[in-house]
Amino acid sequence: MANYGDATAKHRIPVIDRMMDVLGQLERRESGLTIRELVIQLHLPRTTIYRILNTLQMHEMVHRDENGAYRLGRRLLGLAAHVATGASEVDLVAVAQPHLDRLAHELGEGVKLSVLDKNAVLVLAAAQGKREYALTVAPGQRMEPHAGAASKLLLSYLPETELAPHLGRPLAAYTAKTTTDPHRLRAELARLRRQGWAQDKGEMVLSIHAFAAPVFDTRSEMVAALSVPFLAGTDPDRMEDIRLATIATARALTTAIPGPVAR
């Protein structure tokens, strides 16, 4: 919880502090929290928690699922896309969206732009495909970083000090295709970095495959992964078309980025 006893307390608005406490708790629990759980964790009255959540939900800052748990809302992603800590930093979503839209139109498949966000991979931007059976993609989706084309590619460019914590915790097996041995995964990440692109053959869901390619800023730092998911059983020639188009679009986006991107 926020510290209300500091020297600047008289210039603060307590209800906003409490709202930030609520958002902070939701940030830590991807599966969401109920009102009861928030009351216990924050030691605030139930009516206070309810009013805060109701107001946040009206502004799409949180959303409530069918089980009564509240999660961070999609509008936060839109706000985050416009955050810059310096004038030289780039609005990545604004630069990327035309490229995502163009690729989705070209292939007819959904297209995603993903970034590492703490211990998860976050879909920062997306474009919907119009092809029959195109998979639905949406900003705000969060995934584990050890499975999937975009996720593994993002890990592969991390320095050792940042990679080690990801490989040091238990790696969940979502399908028989998921790599859960940290030594095997480390070797695979090194191969993907040399290769310059990644493929998912059903690591999160057996019926969903994908290709991903890295996006770099002007410092030559990888800042995002561009990926295209598609259904298993896709014709090999079309798969190759998707792979090449994914790589080409990632390179075009890299060229279009005018400066450094905040991590």
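Here's a quick rundown of the structure. (Residues numbered from 1 in each chain as written. Predicted model: local features only at pLDDT ≥ 70, side-chain atom pairs only at ≥ 80, totals over all residues. Heavy atoms only, no water.)

A short note on the sheet that holds strand S3 (residues 111-117)
At step 1: The strand order across the open sheet built from six strands is S5-S4-S3-S8-S7-S6, with neighbouring strands paired in antiparallel fashion. Of all the strands in the sheet, the pair left with one neighbour each is strand S5 (142-143) and strand S6 (198-201).
At step 2: With respect to the sheet, helix H9 (residues 236-256) is in contact with S3, S6, strand S7 (208-216) and strand S8 (222-231), its orientation differing from that of S7 by roughly 25 degrees. (Pairing = 2+ DSSP bridges. Helix = DSSP H or I, 4+ residues; strand = E, 2+ residues; numbered from the N terminus. Contact = heavy atoms within 4.5 Å. Axes fitted to C-alpha atoms, helices over the stretch in contact; angles between N-to-C directions.)

Thoughts on the environment of Lys 152
At step 1: Here Lys 152 lies in helix H6 (residues 149-156).
At step 2: For Lys 152 and Val 62, which are 90 residues apart along the polypeptide, the C-alpha to C-alpha distance reads 29 Å.
At step 3: The residues touching Lys 152, leaving out its near neighbours within four places in the chain, are Pro 145, His 146, Ala 147, Leu 185, Glu 188, Leu 189, Leu 192, Gln 199 and Glu 203.
At step 4: In this structure the side chain of Lys 152 is engaged in a polar contact, spanning 2.6 Å, whose partner is the side chain of Glu 188. (Polar contact = N/O pair within 3.5 Å; in protein donor to acceptor, adjacent residues only side chain to side chain.)

What to know about the nonpolar core
At step 1: Grouped together as the largest cluster of nonpolar side chains are 34 residues, with contacts concentrated most on Leu 92, Leu 113, Val 215, Leu 226 and Ile 257.
At step 2: Mapped onto this core, the elements with two or more residues apiece are helix H5 (92-107), S3, strand S4 (120-127), S7, S8 and H9.
At step 3: Considering every element that reaches this core, the biggest residue donor is H5, with eight residues.
At step 4: Every residue in contact with Ile 257, bar those within four places of it in the chain, is listed here: Val 90, Leu 92, Val 95, Val 215, Phe 216, Asp 217, Thr 218 and Val 223.
At step 5: Counting 15 residues, the second largest nonpolar core, distinct from the first, contains Val 22, Leu 44, Ile 49 and Leu 56. (Core = buried A, V, L, I, M, F, W, Y, C linked by side-chain atoms within 4.5 Å. Buried < 20%, exposed > 50% of the residue type's maximum accessible area, 1.4 Å probe, protein only.)

Notes on unusual backbone geometry
At step 1: The phi dihedral of Glu 60 falls on the positive side, at around 60 degrees, and the residue is not glycine.
At step 2: Checked against the element boundaries, Glu 60 lands in the loop between helix H3 (46-58) and strand S1 (62-64).
At step 3: Exposure remark for Glu 60: the relative accessible area of 53% places this residue in the exposed category.
At step 4: Even without glycine at this site, Lys 118 takes up a positive phi of about 60 degrees.
At step 5: Here Lys 118 lies in the loop between S3 and S4.

Quick word on the packing of aromatic side chains
At step 1: This model, assessed by the stated rule, comprises three aromatic pairs.
At step 2: Members of the aromatic cluster, joined through ring pairs, are Trp 197, Phe 211 and Phe 230. (Phe/Tyr/Trp six-rings, centres within 6.5 Å; stacked < 30°, edge-to-face > 60°.)

Some remarks on the environment of Ile 247
At step 1: With respect to the helices, strands and loops of the structure, Ile 247 is situated in helix H9.
At step 2: By relative accessible area, which is 12% here, Ile 247 ends up buried.
At step 3: Sequence separation between Ile 247 and Pro 14 is 233 residues, and the spatial gap between their C-alpha atoms is 49 Å.
At step 4: If we ignore the near neighbours within four places in the chain, the residues touching Ile 247 are Trp 197 and Ala 213.

Side note on the pattern of salt bridges
At step 1: In total, this model carries twelve salt bridges according to the counting rule given.
At step 2: In this structure, Arg 71 engages Asp 65 in a salt bridge whose closest nitrogen and oxygen atoms are separated by 3.8 Å.
At step 3: Using a relative accessible area of 34% as the deciding quantity, one classes Arg 71 as partly exposed.
At step 4: By relative accessible area, Asp 65 is classed as buried at 14%.
At step 5: Among the salt bridges present, the one from Arg 243 reaches Glu 240, with a minimum N-O distance of 2.7 Å. Here Arg 243 pairs with Glu 240, and both are found in helix H9, just three residues apart, close to one helical turn.
At step 6: Its relative accessible area of 33% is what places Glu 240 among the partly exposed residues.
At step 7: A cluster of three or more residues bridged by salt bridges with shared partners is formed by Lys 152, Glu 188, Arg 191 and Glu 203. (Salt bridge = Lys/Arg side-chain N within 4 Å of Asp/Glu carboxyl O.)

Some details on the side chain of Arg 238
At step 1: Position of Arg 238 among the secondary structure elements: in helix H9.
At step 2: Polar side-chain contacts of Arg 238 include one of 3.1 Å to the side chain of Glu 109.
At step 3: Setting aside residues up to four positions removed in sequence, Arg 238 forms contacts with Leu 107, Glu 109 and Arg 131.

Overview of the packing of H5 against H9
Helix-helix packing: each pair is described by the crossing angle between the helix axes and the interaxial distance.
At step 1: Between H5 and H9, the shortest axis-to-axis distance is 10 Å and the interhelical angle comes to 160 degrees. Taken as axis vectors, H5 and H9 run roughly antiparallel relative to one another. H9 is crossed by H5, and the crossing has right-handed handedness. Residues Val 95, Ala 96, His 99, Leu 103, Glu 106 and Leu 107 of H5 form the contact with H9, whose own contacting residues are Arg 238, Asp 241, Ile 242, Ala 245, Thr 246, Thr 249, Ala 252, Leu 253 and Ala 256.
At step 2: Split into classes, the residues belonging to the contact of H5 with H9 amount to nine nonpolar, three polar and three charged. (Parallel < 35°, antiparallel > 145°, perpendicular 65-115°, else oblique. Left-handed = near helix turned anticlockwise from the far one by under 90°. Nonpolar A, V, L, I, M, F, W, Y, C, P; charged D, E, K, R; others polar.)

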